[in-house]
Amino acid sequence: MMQDVNWVALIAAGVASMAVGFIWYGALFGKAWMKLSGHKDMGDKDKMPMTYGIMFVASLVTAYVLSMLGASFETAFWVWLGFQATLLLHKVLFEGKSWNLYFLDAGHQLVSLLAMSWVLNYFK
């Protein structure tokens, strides 16, 4: 299985996911996310390279799994609905976060999966 991996496609999908997150939690919804999540700032700037590095590796793992499942928009949607959208419910149900934060985060996950799916299909 690993021998069939298109590493260029996986890296491009990981970059796409990170770009979606940068735009989503930056220009589009950064202020709303900060307010809804209760953050006053982005945290320790010295830890940012490690944080982004870990998130990039996580994006690569997600892209790999998505590619193994077929990487269609339909697959991305079902992965989002069945795993990500449902698992994010804990923020509302157990952490007392708002539904608005849930929809903001769940929306990001959906757009990120769709972007990765598009990139992976581009490289087929």
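Report follows, based on the coordinates. (Residues numbered from 1 in each chain as written. Predicted model: local features only at pLDDT ≥ 70, side-chain atom pairs only at ≥ 80, totals over all residues. Heavy atoms only, no water.)

1. Description of the nonpolar core
Working step 1: In this structure, L66, L113 and L120 are the most contacted members of the largest nonpolar core, which totals 22 residues.
Working step 2: Mapped onto this core, the elements with two or more residues apiece are α1 (7–28), α3 (48–69), α4 (73–87) and α6 (99–122).
Working step 3: Setting aside chain neighbours within four positions, we find L120 in contact with A9, L10, A13, A63, L66, S67 and A71.
Working step 4: Ranked by size, the runner-up nonpolar core spans five residues in total, among them W33, M34, L101 and L104. (Core = buried A, V, L, I, M, F, W, Y, C linked by side-chain atoms within 4.5 Å. Buried < 20%, exposed > 50% of the residue type's maximum accessible area, 1.4 Å probe, protein only. Helix = DSSP H or I, 4+ residues; strand = E, 2+ residues; numbered from the N terminus. Contact = heavy atoms within 4.5 Å.)

2. Things to note about the layout of surface pockets
Working step 1: In this structure, the largest pocket occupies an estimated 990 Å³ of space.
Working step 2: Considering the residues around the largest pocket, the lining is formed by 34 residues, among which G21, Y25, W33, M55 and H108 are closest to the centre.
Working step 3: Sorting the residues of the lining of the largest pocket by element identifies α1, α2 (30–37), α3, α4 and α6 as the ones contributing at least two each.
Working step 4: What lines the second largest pocket is simply D4, V5, N6, A9, L10, S67, M68, A71, L120, F123 and K124.
Working step 5: Secondary structure elements with two or more residues in the lining of the second largest pocket: α1 and α3.
Working step 6: In terms of residue class, the lining of the second largest pocket is made up of seven nonpolar, two polar and two charged. (1 Å grid on protein atoms, 1.4 Å probe; cavity = no way out; pocket = protein on both sides within 12 Å on 5 of 7 lines; lining within 4 Å. Points joined across faces, edges and corners; volume = space filled by probe spheres on them. Nonpolar A, V, L, I, M, F, W, Y, C, P; charged D, E, K, R; others polar.)

3. Considering unusual backbone geometry
Trans is the prevailing form of peptide bonds, just as negative phi is the prevailing case for residues other than glycine.
Working step 1: For A71, which is not glycine, the phi dihedral falls at a positive 55°.
Working step 2: Following the sequence through the fold, A71 ends up in the loop between α3 and α4.
Working step 3: With a relative accessible area of 1%, A71 lands in the buried category.

4. Considerations on a nonpolar patch on the surface
Working step 1: On the surface, V8, F73, W118, Y122 and F123 cluster together into a nonpolar patch covering about 570 Å² of accessible area.
Working step 2: When you line up the elements, W118 lands in helix α6. (Patch = residues over 30% accessible without salt bridge, like charges linked within 9 Å, V, L, I, M, F, W, Y side chains within 5 Å. Areas by Shrake-Rupley, 256 points an atom, 1.4 Å probe, with all protein chains shown as cover. Salt bridge = Lys/Arg side-chain N within 4 Å of Asp/Glu carboxyl O.)

5. Considering the packing of α3 against α6
The geometry of a pair of packed helices is captured by two quantities: the angle between their axes and the separation between those axes.
Working step 1: The geometry of α3 relative to α6 is characterised by a closest axis approach of 10 Å and an angle of 60° between their N-to-C directions. It follows from the interaxial angle that α3 and α6 lie oblique. Our pair here, α3 against α6, has a crossing hand that is right-handed. Contact residues: α3 offers S59, T62, A63, L66 and S67, while α6 offers L113, M116, S117 and L120.
Working step 2: Its residues assigned to classes, the contact of α3 with α6 comprises five nonpolar, four polar and no charged. (Axes fitted to C-alpha atoms, helices over the stretch in contact; angles between N-to-C directions. Parallel < 35°, antiparallel > 145°, perpendicular 65-115°, else oblique. Left-handed = near helix turned anticlockwise from the far one by under 90°.)

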